[in-house]
Amino acid sequence: MRSLEERIKVGDLDLIIRQEFEKRGINPKNSKFKFHYGIWSNEKNVMIIEDGHYVYDGFDNKPPVPTYNTSSLYNPDNSVPVFHNAKVPPGELRVYFPNRTNIILSSLWKNATGTALFAAIILSCFAYTLTVIFRQKKLSEMKTDFINNMTHEFKTPIATISLASDSIVSPMILSNPEKVQRFANIIKQENKRMNSQVEKVLQMALLDKRDFSLKLTELNLHEIIQAAVENISLRVEKRDGVVKTILNASRPSIEGDLTHVANVINNLLDNADKYSPDKPEITVITRNISNGVEVTVQDNGIGISKEARKQIFDKFYRVPTGNLHDVKGFGLGLSYVKAMMTAHKGSVEVKSEPGKGSSFVLTFPFQVEA
(Lines give C-alpha, C1' and ligand atoms only; values in the text may rest on other atoms or scores of the structure.)
Protein backbone atom coordinates (compact mmCIF):
# COMPACT_ATOMS: atom_id res chain seq x y z
CA MET A 1 0.00 0.00 0.00
CA ARG A 2 1.39 3.42 -0.95
CA SER A 3 2.45 5.76 1.83
CA LEU A 4 0.55 8.98 2.54
CA GLU A 5 3.27 11.19 1.05
CA GLU A 6 3.15 9.17 -2.17
CA ARG A 7 -0.64 9.47 -2.50
CA ILE A 8 -0.70 13.26 -2.13
CA LYS A 9 0.64 15.60 -4.78
CA VAL A 10 1.76 18.85 -3.22
CA GLY A 11 0.74 21.04 -6.18
CA ASP A 12 -2.73 19.50 -6.43
CA LEU A 13 -3.24 19.83 -2.66
CA ASP A 14 -2.38 23.53 -2.70
CA LEU A 15 -4.77 24.17 -5.64
CA ILE A 16 -7.63 22.20 -4.07
CA ILE A 17 -7.32 24.02 -0.72
CA ARG A 18 -7.35 27.46 -2.36
CA GLN A 19 -10.34 26.56 -4.58
CA GLU A 20 -12.31 25.31 -1.56
CA PHE A 21 -11.56 28.52 0.34
CA GLU A 22 -12.74 30.62 -2.61
CA LYS A 23 -16.01 28.64 -2.73
CA ARG A 24 -16.56 29.65 0.91
CA GLY A 25 -15.89 33.34 0.28
CA ILE A 26 -12.31 33.32 1.54
CA ASN A 27 -9.84 34.96 -0.83
CA PRO A 28 -6.44 33.31 -0.26
CA LYS A 29 -4.74 36.20 -2.05
CA ASN A 30 -5.95 38.60 0.61
CA SER A 31 -3.29 39.06 3.30
CA LYS A 32 -6.08 39.28 5.83
CA PHE A 33 -6.86 35.59 5.18
CA LYS A 34 -3.25 34.43 5.35
CA PHE A 35 -3.11 30.74 6.33
CA HIS A 36 -0.80 27.76 6.79
CA TYR A 37 -1.68 24.17 6.09
CA GLY A 38 -0.05 20.77 6.51
CA ILE A 39 -0.61 17.03 6.22
CA TRP A 40 -0.14 15.02 9.40
CA SER A 41 0.66 11.30 9.17
CA ASN A 42 -1.17 9.28 11.82
CA GLU A 43 0.99 6.25 11.03
CA LYS A 44 4.35 7.97 11.47
CA ASN A 45 3.08 10.63 13.87
CA VAL A 46 4.89 13.39 11.97
CA MET A 47 4.03 16.33 9.71
CA ILE A 48 4.95 15.37 6.14
CA ILE A 49 3.79 18.45 4.22
CA GLU A 50 3.74 22.10 5.26
CA ASP A 51 2.55 24.95 2.98
CA GLY A 52 3.23 23.12 -0.29
CA HIS A 53 6.59 21.65 0.80
CA TYR A 54 7.61 18.16 1.87
CA VAL A 55 9.19 18.35 5.34
CA TYR A 56 9.64 14.58 5.84
CA ASP A 57 11.42 12.32 3.39
CA GLY A 58 10.23 9.01 4.83
CA PHE A 59 13.63 7.83 6.04
CA ASP A 60 14.37 10.07 9.01
CA ASN A 61 12.42 8.85 12.03
CA LYS A 62 12.82 12.14 13.85
CA PRO A 63 9.87 14.52 13.77
CA PRO A 64 10.54 17.49 11.45
CA VAL A 65 11.14 20.93 12.85
CA PRO A 66 8.12 23.20 12.16
CA THR A 67 8.81 25.68 9.35
CA TYR A 68 7.16 28.88 8.08
CA ASN A 69 6.07 29.69 11.65
CA THR A 70 3.54 26.85 11.49
CA SER A 71 3.87 25.45 14.97
CA SER A 72 0.11 25.78 15.43
CA LEU A 73 -0.36 23.13 12.74
CA TYR A 74 0.64 20.61 15.37
CA ASN A 75 -2.59 21.37 17.24
CA PRO A 76 -5.04 18.57 16.30
CA ASP A 77 -8.00 20.90 16.98
CA ASN A 78 -7.46 22.45 13.52
CA SER A 79 -7.74 19.22 11.54
CA VAL A 80 -9.97 17.09 9.29
CA PRO A 81 -9.16 13.50 8.20
CA VAL A 82 -7.87 12.77 4.67
CA PHE A 83 -8.93 9.66 2.75
CA HIS A 84 -11.71 9.28 5.30
CA ASN A 85 -13.21 6.36 3.38
CA ALA A 86 -10.50 4.11 4.85
CA LYS A 87 -11.31 2.25 8.05
CA VAL A 88 -8.52 4.12 9.75
CA PRO A 89 -7.73 7.50 8.16
CA PRO A 90 -4.03 7.60 7.38
CA GLY A 91 -3.65 11.26 8.13
CA GLU A 92 -5.13 14.66 8.73
CA LEU A 93 -5.26 17.97 6.90
CA ARG A 94 -4.49 20.74 9.35
CA VAL A 95 -5.10 24.43 8.60
CA TYR A 96 -4.17 27.40 10.73
CA PHE A 97 -5.14 31.08 10.27
CA PRO A 98 -2.73 33.38 12.18
CA ASN A 99 -5.26 36.24 11.92
CA ARG A 100 -8.18 34.09 12.95
CA THR A 101 -9.03 36.17 16.02
CA ASN A 102 -8.94 39.43 14.04
CA ILE A 103 -11.02 37.91 11.24
CA ILE A 104 -13.67 36.71 13.70
CA LEU A 105 -13.72 40.03 15.52
CA SER A 106 -13.97 42.01 12.29
CA SER A 107 -16.89 39.88 11.14
CA LEU A 108 -18.56 40.28 14.51
CA TRP A 109 -17.86 44.01 14.60
CA LYS A 110 -20.37 44.76 11.85
CA ASN A 111 -23.02 42.69 13.56
CA ALA A 112 -22.18 44.18 16.95
CA THR A 113 -22.31 47.70 15.51
CA GLY A 114 -25.64 47.00 13.84
CA THR A 115 -27.00 45.46 17.04
CA ALA A 116 -25.79 48.39 19.14
CA LEU A 117 -27.25 50.89 16.67
CA PHE A 118 -30.56 49.04 16.59
CA ALA A 119 -30.61 48.88 20.40
CA ALA A 120 -29.82 52.60 20.59
CA ILE A 121 -32.68 53.38 18.21
CA ILE A 122 -35.08 51.26 20.28
CA LEU A 123 -33.93 52.90 23.53
CA SER A 124 -34.20 56.36 21.96
CA CYS A 125 -37.72 55.62 20.74
CA PHE A 126 -38.63 54.25 24.15
CA ALA A 127 -37.21 57.32 25.90
CA TYR A 128 -38.99 59.62 23.44
CA THR A 129 -42.25 57.74 23.96
CA LEU A 130 -41.95 58.07 27.74
CA THR A 131 -41.15 61.77 27.38
CA VAL A 132 -44.20 62.33 25.19
CA ILE A 133 -46.41 60.34 27.56
CA PHE A 134 -45.29 62.32 30.61
CA ARG A 135 -45.56 65.58 28.68
CA GLN A 136 -49.07 64.73 27.53
CA LYS A 137 -50.00 63.69 31.05
CA LYS A 138 -48.69 66.94 32.42
CA LEU A 139 -50.46 68.94 29.71
CA SER A 140 -53.68 67.07 30.42
CA GLU A 141 -53.39 67.90 34.12
CA MET A 142 -52.74 71.57 33.35
CA LYS A 143 -55.72 71.69 30.98
CA THR A 144 -57.90 70.08 33.65
CA ASP A 145 -56.73 72.72 36.14
CA PHE A 146 -57.42 75.39 33.52
CA ILE A 147 -60.99 74.17 33.04
CA ASN A 148 -61.52 74.02 36.79
CA ASN A 149 -60.10 77.53 37.23
CA MET A 150 -62.15 78.87 34.33
CA THR A 151 -65.31 77.34 35.78
CA HIS A 152 -64.58 78.97 39.14
CA GLU A 153 -63.67 82.32 37.55
CA PHE A 154 -66.97 82.41 35.62
CA LYS A 155 -69.11 80.89 38.34
CA THR A 156 -68.47 83.67 40.85
CA PRO A 157 -69.41 86.65 38.62
CA ILE A 158 -72.38 84.77 37.16
CA ALA A 159 -73.67 84.10 40.67
CA THR A 160 -73.12 87.75 41.62
CA ILE A 161 -74.92 88.99 38.50
CA SER A 162 -77.79 86.60 39.19
CA LEU A 163 -78.19 87.87 42.75
CA ALA A 164 -77.96 91.50 41.65
CA SER A 165 -80.56 90.95 38.91
CA ASP A 166 -82.95 89.27 41.33
CA SER A 167 -82.49 92.15 43.77
CA ILE A 168 -83.17 94.82 41.15
CA VAL A 169 -86.53 93.35 40.17
CA SER A 170 -87.60 93.25 43.80
CA PRO A 171 -90.36 95.86 44.48
CA MET A 172 -88.47 97.14 47.53
CA ILE A 173 -85.35 97.84 45.48
CA LEU A 174 -87.16 99.30 42.47
CA SER A 175 -88.57 102.03 44.65
CA ASN A 176 -85.01 103.00 45.74
CA PRO A 177 -83.00 104.52 42.84
CA GLU A 178 -79.73 104.45 44.82
CA LYS A 179 -79.93 100.70 45.41
CA VAL A 180 -80.88 100.09 41.78
CA GLN A 181 -77.81 102.07 40.73
CA ARG A 182 -75.65 100.12 43.15
CA PHE A 183 -76.77 96.72 41.84
CA ALA A 184 -76.50 97.94 38.25
CA ASN A 185 -72.88 98.91 38.91
CA ILE A 186 -72.23 95.48 40.40
CA ILE A 187 -73.64 93.82 37.27
CA LYS A 188 -71.54 96.09 35.05
CA GLN A 189 -68.38 95.40 37.06
CA GLU A 190 -68.86 91.61 37.05
CA ASN A 191 -69.69 91.65 33.34
CA LYS A 192 -66.48 93.58 32.68
CA ARG A 193 -64.59 90.99 34.73
CA MET A 194 -65.98 88.12 32.67
CA ASN A 195 -65.21 89.93 29.42
CA SER A 196 -61.64 90.39 30.60
CA GLN A 197 -61.27 86.67 31.30
CA VAL A 198 -62.76 85.73 27.93
CA GLU A 199 -60.43 88.20 26.24
CA LYS A 200 -57.41 86.47 27.80
CA VAL A 201 -58.49 83.10 26.43
CA LEU A 202 -59.15 84.56 22.98
CA GLN A 203 -55.78 86.33 22.99
CA MET A 204 -53.98 83.06 23.67
CA ALA A 205 -55.95 81.37 20.89
CA LEU A 206 -54.78 84.06 18.48
CA LEU A 207 -51.21 83.69 19.70
CA ASP A 208 -51.31 79.92 19.15
CA LYS A 209 -52.50 80.47 15.59
CA ARG A 210 -50.06 83.37 15.14
CA ASP A 211 -53.09 85.23 13.84
CA PHE A 212 -52.19 88.66 15.17
CA SER A 213 -50.25 91.70 14.07
CA LEU A 214 -48.67 94.42 16.16
CA LYS A 215 -49.79 98.01 15.74
CA LEU A 216 -46.42 99.60 16.27
CA THR A 217 -46.21 103.19 17.46
CA GLU A 218 -43.77 105.19 19.57
CA LEU A 219 -44.48 104.51 23.25
CA ASN A 220 -43.28 106.05 26.48
CA LEU A 221 -42.71 103.16 28.88
CA HIS A 222 -42.74 105.46 31.91
CA GLU A 223 -46.25 106.64 31.09
CA ILE A 224 -47.47 103.06 30.62
CA ILE A 225 -45.85 101.98 33.91
CA GLN A 226 -47.30 104.89 35.85
CA ALA A 227 -50.80 104.17 34.51
CA ALA A 228 -50.47 100.47 35.41
CA VAL A 229 -49.15 101.30 38.89
CA GLU A 230 -52.03 103.71 39.46
CA ASN A 231 -54.53 101.01 38.50
CA ILE A 232 -53.16 98.42 40.92
CA SER A 233 -52.25 100.76 43.78
CA LEU A 234 -55.78 100.87 45.18
CA ARG A 235 -55.94 97.09 45.41
CA VAL A 236 -52.46 96.84 46.98
CA GLU A 237 -53.10 99.65 49.47
CA LYS A 238 -56.21 97.86 50.76
CA ARG A 239 -53.84 95.14 51.94
CA ASP A 240 -51.49 97.69 53.56
CA GLY A 241 -49.07 97.27 50.69
CA VAL A 242 -47.13 99.70 48.55
CA VAL A 243 -46.15 100.02 44.89
CA LYS A 244 -43.01 102.03 44.16
CA THR A 245 -41.42 103.14 40.90
CA ILE A 246 -37.75 103.85 40.28
CA LEU A 247 -37.71 105.19 36.72
CA ASN A 248 -34.03 105.61 35.91
CA ALA A 249 -34.27 105.25 32.13
CA SER A 250 -33.24 108.54 30.52
CA ARG A 251 -34.62 107.36 27.20
CA PRO A 252 -37.93 105.52 27.92
CA SER A 253 -39.36 105.70 24.39
CA ILE A 254 -39.63 102.45 22.43
CA GLU A 255 -41.46 101.11 19.40
CA GLY A 256 -44.32 98.80 20.36
CA ASP A 257 -48.01 97.96 20.47
CA LEU A 258 -49.64 100.04 23.21
CA THR A 259 -52.31 97.48 24.10
CA HIS A 260 -49.97 94.52 24.36
CA VAL A 261 -47.14 96.36 26.15
CA ALA A 262 -49.64 97.70 28.70
CA ASN A 263 -51.07 94.19 29.16
CA VAL A 264 -47.56 92.80 29.77
CA ILE A 265 -46.89 95.36 32.55
CA ASN A 266 -50.36 94.87 34.05
CA ASN A 267 -49.99 91.09 34.05
CA LEU A 268 -46.69 91.23 35.94
CA LEU A 269 -48.06 93.71 38.49
CA ASP A 270 -51.17 91.56 38.92
CA ASN A 271 -49.03 88.47 39.56
CA ALA A 272 -46.82 90.39 41.98
CA ASP A 273 -49.93 91.33 43.96
CA LYS A 274 -51.57 87.88 43.84
CA TYR A 275 -48.49 85.96 44.94
CA SER A 276 -47.46 88.39 47.71
CA PRO A 277 -48.36 88.20 51.43
CA ASP A 278 -50.76 90.55 53.21
CA LYS A 279 -48.45 93.54 52.83
CA PRO A 280 -47.16 93.48 49.24
CA GLU A 281 -44.05 95.49 48.44
CA ILE A 282 -43.84 95.91 44.66
CA THR A 283 -41.17 97.92 42.89
CA VAL A 284 -40.93 98.76 39.19
CA ILE A 285 -37.46 99.78 38.01
CA THR A 286 -36.37 101.00 34.59
CA ARG A 287 -32.93 101.60 33.13
CA ASN A 288 -31.42 102.03 29.71
CA ILE A 289 -29.27 99.30 28.20
CA SER A 290 -27.20 99.39 25.03
CA ASN A 291 -30.07 98.79 22.60
CA GLY A 292 -33.22 99.45 24.57
CA VAL A 293 -34.95 99.71 27.93
CA GLU A 294 -34.93 97.19 30.76
CA VAL A 295 -37.98 97.01 33.06
CA THR A 296 -37.81 95.03 36.32
CA VAL A 297 -40.88 94.18 38.39
CA GLN A 298 -39.88 93.09 41.92
CA ASP A 299 -42.06 91.75 44.71
CA ASN A 300 -41.70 90.26 48.19
CA GLY A 301 -44.00 87.33 47.42
CA ILE A 302 -43.81 83.60 47.99
CA GLY A 303 -41.10 83.18 45.33
CA ILE A 304 -40.69 80.47 42.73
CA SER A 305 -38.78 77.21 43.03
CA LYS A 306 -36.10 76.17 40.54
CA GLU A 307 -38.36 73.51 39.01
CA ALA A 308 -41.29 75.92 38.70
CA ARG A 309 -39.09 78.56 37.03
CA LYS A 310 -38.57 76.17 34.13
CA GLN A 311 -42.32 76.01 33.48
CA ILE A 312 -43.82 79.34 34.47
CA PHE A 313 -43.95 80.54 30.85
CA ASP A 314 -45.82 77.41 29.73
CA LYS A 315 -49.46 77.82 28.88
CA PHE A 316 -51.90 76.81 31.67
CA TYR A 317 -49.08 76.42 34.21
CA ARG A 318 -49.62 77.98 37.62
CA VAL A 319 -47.07 78.21 40.41
CA PRO A 320 -48.10 75.89 43.28
CA THR A 321 -49.15 77.85 46.37
CA GLY A 322 -49.32 75.04 48.94
CA ASN A 323 -52.38 75.43 51.11
CA LEU A 324 -53.24 78.78 49.52
CA HIS A 325 -56.17 78.24 47.17
CA ASP A 326 -57.43 81.79 46.66
CA VAL A 327 -55.01 82.78 43.90
CA LYS A 328 -57.17 83.29 40.85
CA GLY A 329 -56.24 82.99 37.20
CA PHE A 330 -56.03 80.67 34.20
CA GLY A 331 -52.28 80.20 34.03
CA LEU A 332 -52.18 82.23 30.79
CA GLY A 333 -50.66 85.50 31.99
CA LEU A 334 -46.95 84.64 31.84
CA SER A 335 -47.26 82.65 28.63
CA TYR A 336 -48.87 85.77 27.13
CA VAL A 337 -46.02 87.92 28.49
CA LYS A 338 -43.45 85.59 26.92
CA ALA A 339 -45.25 85.56 23.55
CA MET A 340 -45.58 89.34 23.47
CA MET A 341 -41.96 89.98 24.41
CA THR A 342 -40.89 87.59 21.65
CA ALA A 343 -43.18 89.39 19.18
CA HIS A 344 -41.55 92.70 20.18
CA LYS A 345 -38.07 91.13 19.64
CA GLY A 346 -37.44 91.50 23.36
CA SER A 347 -37.00 89.03 26.20
CA VAL A 348 -38.25 88.18 29.67
CA GLU A 349 -36.30 86.54 32.48
CA VAL A 350 -37.18 85.60 36.04
CA LYS A 351 -35.01 85.67 39.15
CA SER A 352 -36.58 84.14 42.21
CA GLU A 353 -36.13 81.95 45.26
CA PRO A 354 -38.85 80.44 47.46
CA GLY A 355 -39.76 82.84 50.26
CA LYS A 356 -37.60 85.66 48.89
CA GLY A 357 -39.85 87.16 46.25
CA SER A 358 -39.45 87.35 42.50
CA SER A 359 -38.03 89.72 39.89
CA PHE A 360 -39.22 89.68 36.29
CA VAL A 361 -36.85 91.45 33.92
CA LEU A 362 -38.26 92.70 30.60
CA THR A 363 -35.97 93.88 27.83
CA PHE A 364 -37.55 96.11 25.16
CA PRO A 365 -35.51 97.12 22.10
CA PHE A 366 -35.79 100.72 20.93
CA GLN A 367 -37.07 99.46 17.56
CA VAL A 368 -38.84 96.26 16.56
CA GLU A 369 -36.81 95.05 13.61
CA ALA A 370 -38.60 92.82 11.08
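Scope of this entry: the structure provided in the associated data block. (Residues numbered from 1 in each chain as written. Predicted model: local features only at pLDDT ≥ 70, side-chain atom pairs only at ≥ 80, totals over all residues. Heavy atoms only, no water.)

Some details on the overall build of the chain
Working step 1: The helix and strand tally for the chain stands at nine helices and twelve strands.
Working step 2: Residue burial in the chain is summarised as follows: out of 370 residues, 36% are buried.
Working step 3: Looking at the chain alone, contacts between residues at least 24 apart form 64% of all its contacts between residues at least 6 apart.
Working step 4: Within the structure as shown, the chain displays about 23,300 Å² of accessible surface, and the carbon and sulfur contribution to it stands at 55%. (Helix = DSSP H or I, 4+ residues; strand = E, 2+ residues; numbered from the N terminus. Buried < 20%, exposed > 50% of the residue type's maximum accessible area, 1.4 Å probe, protein only. Contact = heavy atoms within 4.5 Å. Areas by Shrake-Rupley, 256 points an atom, 1.4 Å probe, with all protein chains shown as cover.)

Focus on the nonpolar core
Working step 1: Ranked by internal contacts, the top residues of the largest apolar core, which has 38 residues, are I265, L269, V295, F360, L362 and F364.
Working step 2: Where this core is concerned, the elements lending two or more residues are α6 (221-237), α7 (258-274), β9 (281-289), β10 (292-299), α9 (333-343), β11 (347-352) and β12 (358-365).
Working step 3: The residues contacting I265, other than those within four sequence positions of it, are I224, I225, A228, V295 and L362.
Working step 4: Listed in part, the 16 residues of the second largest apolar core include V10, I17, I39 and V95. (Core = buried A, V, L, I, M, F, W, Y, C linked by side-chain atoms within 4.5 Å.)

Re unusual backbone geometry
Working step 1: Positive phi is not limited to glycine here, since D240 has a value of about 60°.
Working step 2: A residue is classified by how much of its surface remains accessible, and D240, at 57% relative accessible area, is exposed.

Some remarks on α7
Working step 1: With 17 residues, α7 extends 24 Å between its outermost C-alpha atoms, agreeing within 8% with the 24 Å of an ideal straight helix rising 1.5 Å per residue.
Working step 2: For α7, the tally of buried residues reaches twelve of 17 residues, placing the bulk of the element in the interior.
Working step 3: The set of residues buried in α7 consists of H260, V261, A262, V264, I265, N267, L268, L269, D270, N271, A272 and D273.
Working step 4: For α7, the side-chain oxygen to backbone nitrogen distance between the N-cap and T259 is 3.1 Å, and the N-cap itself is D257. (Expected span 1.5 Å × (residues − 1). Polar contact = N/O pair within 3.5 Å; in protein donor to acceptor, adjacent residues only side chain to side chain.)

Notes on α9
The α-helix winds at 3.6 residues per turn, so residues separated by three or four positions along the chain end up facing the same way.
Working step 1: Taken together, the buried positions of α9 are occupied by L334, S335, Y336, V337, M340 and M341.
Working step 2: Immediately beyond the C-terminal end of α9, within one or two residues, lies K345, with a positive phi of roughly 60°.

Some details on the sheet that holds strand β3 (residues 53-54)
Working step 1: Judged by pairing direction, the sheet is antiparallel, and its five strands sit side by side in the order β3-β2-β1-β5-β4 without closing on themselves. In this open sheet, the two strands that pair with only one neighbour each are β3 and β4 (79-82).
Working step 2: Sheet topology note: the strand β2 (residues 46-50)/β3 ladder contains two bridges and is antiparallel. From the neighbouring strand, I49 faces β3, where its bridge partner is Y54. (Pairing = 2+ DSSP bridges.)

A closer look at the environment of P90
Working step 1: You can see P90 is positioned in the loop between β4 and β5 (91-96).
Working step 2: Residues P90 and E43 lie 47 residues apart in sequence; the distance between their C-alpha atoms is 6.4 Å.
Working step 3: Not counting residues up to four positions away in its chain, the partners in contact with P90 are L4, R7, W40, S41, N42, E43, V82 and F83.

Side note on the sheet that holds β10
Working step 1: Spatially, β7-β9-β10-β12-β11 is the arrangement adopted by the five strands of the open sheet, whose pairing is mixed. Two strands lie at the open edges of the sheet, namely β7 (242-247) and β11, each paired on one side alone. If you compare each strand with its neighbour and ignore which way they point, the axes differ by 15° on average.
Working step 2: Seen against the sheet, α7 touches β9, β10 and β12 and runs at an angle of roughly 175° to β12.
Working step 3: Contacting β11 and β12, α9 crosses the sheet at an angle of about 25° to β12. (Axes fitted to C-alpha atoms, helices over the stretch in contact; angles between N-to-C directions.)

So, the packing of aromatic side chains
Working step 1: Applying the stated criterion across every chain yields a total of zero aromatic pairs.
Working step 2: Over the ring of F366 we find R251, and its NZ or CZ is 3.7 Å from the ring centre. (Phe/Tyr/Trp six-rings, centres within 6.5 Å; stacked < 30°, edge-to-face > 60°. Lys NZ or Arg CZ within 6 Å of the ring centre and 35° of its normal.)

Re the pattern of salt bridges
Working step 1: Scanning all chains against the criterion turns up nine salt bridges.
Working step 2: A salt bridge links R235 to D273; the shortest N-O distance between them is 3.0 Å. Highlighted residues: R235 in helix α6 and D273 in helix α7, separated in sequence by 38 residues.
Working step 3: You can call R235 partly exposed: its relative accessible area is 39%. (Salt bridge = Lys/Arg side-chain N within 4 Å of Asp/Glu carboxyl O.)

Some remarks on a nonpolar patch on the surface
Working step 1: Taken together, F126, L130, I133 and F134 make up a surface patch of nonpolar side chains, about 410 Å² in accessible area.
Working step 2: Here F134 shows up in helix α3 (residues 100-168). (Patch = residues over 30% accessible without salt bridge, like charges linked within 9 Å, V, L, I, M, F, W, Y side chains within 5 Å.)

Digging into the side chain of S359
Working step 1: With respect to the helices, strands and loops of the structure, S359 is situated in strand β12.
Working step 2: According to the relative accessible area criterion, S359 is buried, its value standing at 16%.
Working step 3: Contact partners of S359, with chain neighbours within four places excluded, come to T296, V297, Q298, E349, V350 and K351.

Quick look at the packing of α6 against α7
Working step 1: Their axes nearest at 10 Å, the elements α6 and α7 cross at an angle of 35°. The two elements α6 and α7 cross, and the hand of that crossing is right-handed. Of the residues in α7, those touching α6 at L221, I224, I225, A228, V229, I232, R235 and V236 are L258, V261, A262, I265, N266, L269, D270 and D273. (Left-handed = near helix turned anticlockwise from the far one by under 90°.)

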